[in-house]
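The residues making up each chain are set out below.
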Amino acid sequence: MEASRVKKILFGILLSDGSLERNHKRFDLYSKQKEYAEYVQTTLSNLTHNRFSLREVFDDRFGVTGYRVWSTKSKYLSKTYDIFYPNNGRKALSKYIANRLDAEAFAHVWMCDGYLEHAKNRKMGKVQNIGWFCLEAFPKEELEVLQERLAVFGIGSSLVKKPWGFGFRIRIGGENLQKFISLVYPFILPCFQYKTVLFYKQESTALELPSAEHYVRLYNVVDDIVRYSVKAE
């Protein structure tokens, strides 16, 4: 895998669940998905002068098994730390970072911090597909930079107030969500494909988009979506 591609993937991971240690600038990621952790370890191992390791970890507090990926320290990760943590250790989302996000990088942000909601309108007998980027760790002005980058790919979004973090979350809906899922779907690992399923009561324009046959589902009644959502969680 080309180094330029690996670095964009790294940017997507660091923008979401990945982090760099403050003292030694070593990479660290925790995931409940073994498939994802293994992919991250294998992919980032293509970076020269770095060694990435993986181990299974068990959280006694919640009785959950997860997987941790971490690295040795290196000059490249040290420089990357300066890019992502310019403000006394707080991770920041700059225009420099946003401009380096491509479809594959956005796929990693989505796999780590994306959330697909199927809002049920029982009165109308319809389901509304809503996509959320759970990135409240970034202030409003930094999320707006990410929105600008999404717009480059023709994807509109909005900011919705939330009572935690810096108080805002990115929302994508309607045709914009169709376009976003179409953009990232080729890079979504099987363990996270439940985050790509869009439900419609009848065939829609989404079927004209690439890979739509894989993520569009037709339904007859809202309760079908309730059963699917429980299974997906």
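Right above here is the structure, for reference.
Structural notes, computed from the coordinates. (Residues numbered from 1 in each chain as written. Predicted model: local features only at pLDDT ≥ 70, side-chain atom pairs only at ≥ 80, totals over all residues. Heavy atoms only, no water.)

## So, the side chain of Arg 149
No. 1: Position of Arg 149 among the secondary structure elements: in helix H6 (residues 140-152).
No. 2: Although Arg 149 is buried, it forms no salt bridge, and the closest oppositely charged side chain is Asp 102 at an N-O distance of 7.1 Å.
No. 3: In this structure the side chain of Arg 149 is engaged in a polar contact, spanning 3.3 Å, whose partner is the backbone oxygen of Asn 99.
No. 4: Those residues in contact with Arg 149, other than ones at most four positions away along the chain, are Ala 98, Asn 99, Leu 101 and Phe 106. (Helix = DSSP H or I, 4+ residues; strand = E, 2+ residues; numbered from the N terminus. Buried < 20%, exposed > 50% of the residue type's maximum accessible area, 1.4 Å probe, protein only. Lys, Arg positive; Asp, Glu negative; His and termini not counted. Salt bridge = Lys/Arg side-chain N within 4 Å of Asp/Glu carboxyl O. Polar contact = N/O pair within 3.5 Å; in protein donor to acceptor, adjacent residues only side chain to side chain. Contact = heavy atoms within 4.5 Å.)

## As for the packing of aromatic side chains
No. 1: The full count for this structure, using the stated rule, is eleven aromatic pairs.
No. 2: An angle of 65 degrees between the planes, with centres 5.7 Å apart, marks the rings of Phe 27 and Phe 52 as edge-to-face. Here Phe 52 lies in strand E3 (residues 52-59) and Phe 27 lies in strand E2 (residues 27-31), a separation of 25 residues in the sequence. Judged on exposure class, the residue Phe 27 and its partner Phe 52 are both buried.
No. 3: Ring centres of Tyr 185 and Tyr 215 lie 5.7 Å apart, and the angle between their planes is 50 degrees; this geometry places the pair in the tilted category. With Tyr 185 in the loop between helix H7 (174-184) and strand E9 (198-200) and Tyr 215 in helix H8 (residues 212-215), this pair connects stretches of sequence that are 30 residues apart.
No. 4: Linked through ring pairs, Phe 106, Trp 110, Phe 133, Phe 153 and Phe 180 together constitute an aromatic cluster.
No. 5: The ring of Tyr 81 is capped by Lys 25, whose NZ or CZ atom sits 4.8 Å from the centre of that ring. (Phe/Tyr/Trp six-rings, centres within 6.5 Å; stacked < 30°, edge-to-face > 60°. Lys NZ or Arg CZ within 6 Å of the ring centre and 35° of its normal.)

## Some words on the sheet that holds strand E7 (residues 158-161)
No. 1: Overall, antiparallel pairing links the four strands, which are arranged E5-E6-E8-E7 in an open sheet. Pairing within the sheet leaves two strands with one partner each, and these edge strands are strand E5 (114-121) and E7. Across the sheet, the mean angle separating the axes of adjacent strands is 40 degrees when strand polarity is ignored.
No. 2: Relative to strand E8 (residues 168-173), E7 runs antiparallel, the two sharing four bridges. Across the sheet, residue Val 160 finds its bridge partner in E8, namely Arg 169.
No. 3: Lying over the sheet, H6 contacts strand E6 (126-133), E7 and E8, oriented at roughly 20 degrees with respect to E8.
No. 4: Along the sheet, H7 contacts E5, E6 and E8; its crossing angle with E8, the most-contacted strand, is approximately 90 degrees. (Pairing = 2+ DSSP bridges. Axes fitted to C-alpha atoms, helices over the stretch in contact; angles between N-to-C directions.)

Any functional reading would require information beyond the geometric quantities listed.
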